[in-house]
Amino acid sequence: MVESADKIGMLKTELTEELGFKNTINIYAGGADNACAALGAGIVSMEMEMVSIGTSGVFLSYEEAGKEYGGDLHYFTHVLPDAFYSIGEICWKNI
C-alpha cells in the first residue's frame, strides 16, 4: 500500500515519445474518485462537506481521526496525509 501522493513510476520512454511529450511523465498512486473530487472542491477541513450527484448520490464529510459508524456509512483514508472521509451513498438503480 502506498499514499495517494506517492510517485510510483514514470511513463515508459517509448510511450512518452509516441505521445509527443518532451519531458518525463511521472505517475502517482492517485485516489478514489470521491476523495479526489473532494480535494479538487477544497474539502480539506472538518467544517466542510460535499454533495455529489452523478451515477450515485454521495454525501462526503472530511474527517481528521478514526470514527466507527457500525456499517451505516463508508469510512475511508483520504488522498490527504493523515486524513479520512466518511460517505453515504445511494445508487439510483436501487430507488
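This text goes with the structure placed above it.
If you're wondering where the values come from, they're calculated on a predicted model, not measured in any experiment.

### Brief notes about the pairing of strand 3 (residues 49-53)
Where strand 3 meets strand 4 (residues 56-63), five bridges bridge the pair, whose relative direction is antiparallel. The residue of strand 4 that forms the bridge with I53 is G57. Between strand 3 and the antiparallel strand that follows it, strand 4, lie two residues.

### Focus on the side chain of S61
Mapped onto the elements of the fold, S61 is located in strand 4. Engagement of the side chain of S61 in a polar contact is seen with the side chain of E49, the distance being 3.5 Å. Dropping the residues within four chain positions of it, S61 is found in contact with E49, F84, Y85 and S86.

### A look at the side chain of H78
For H78, the position within the fold is in the loop between strand 5 (74-77) and strand 6 (84-91). The contacts of H78, once residues within four sequence positions are left out, are S4, A35, A38, L39, I43, Y62, A83, F84 and Y85.

### Comments concerning the packing of aromatic side chains
In total, this model carries two aromatic pairs according to the counting rule given. A centroid spacing of 5.5 Å and a plane angle of 15° characterise the contact between Y75 and F84, whose relative ring orientation is stacked. Consider the rings of F76 and Y85, whose centres lie 5.6 Å apart with planes at 45°: the pair is tilted. Relative accessible area serves as the criterion here: at 36%, F76 is assigned to the partly exposed category.

### Some words on unusual backbone geometry
For D82, which is not glycine, the phi torsion reads 55° and is therefore positive. Checked against the element boundaries, D82 lands in the loop between strand 5 and strand 6.

### Focus: a nonpolar patch on the surface
Together, V2, I8 and I27 give the surface a local cluster of nonpolar side chains, amounting to about 260 Å² of exposed area. For I8, the position within the fold is in strand 1 (residues 7-10). The class for I8 is exposed, based on a relative accessible area of 52%.

### Things to note about the sheet that holds strand 3
Across the sheet, which stays open at both edges, the four strands sit in the order 3-4-6-5 with antiparallel pairing between neighbours. Because the sheet does not close on itself, it has two edges, and the strands there are strand 3 and strand 5. Between one strand axis and the next, the sheet turns through 25° on average, direction left out of account. With respect to the sheet, helix 2 (residues 33-40) is in contact with strand 3, strand 4 and strand 6, its orientation differing from that of strand 3 by roughly 120°.

The rules behind these values
- Residues numbered from 1 in each chain as written.
- Predicted model: local features only at pLDDT ≥ 70, side-chain atom pairs only at ≥ 80, totals over all residues.
- Heavy atoms only, no water.
- Pairing = 2+ DSSP bridges.
- Helix = DSSP H or I, 4+ residues; strand = E, 2+ residues; numbered from the N terminus.
- Polar contact = N/O pair within 3.5 Å; in protein donor to acceptor, adjacent residues only side chain to side chain.
- Contact = heavy atoms within 4.5 Å.
- Phe/Tyr/Trp six-rings, centres within 6.5 Å; stacked < 30°, edge-to-face > 60°.
- Buried < 20%, exposed > 50% of the residue type's maximum accessible area, 1.4 Å probe, protein only.
- Patch = residues over 30% accessible without salt bridge, like charges linked within 9 Å, V, L, I, M, F, W, Y side chains within 5 Å.
- Areas by Shrake-Rupley, 256 points an atom, 1.4 Å probe, with all protein chains shown as cover.
- Salt bridge = Lys/Arg side-chain N within 4 Å of Asp/Glu carboxyl O.
- Axes fitted to C-alpha atoms, helices over the stretch in contact; angles between N-to-C directions.

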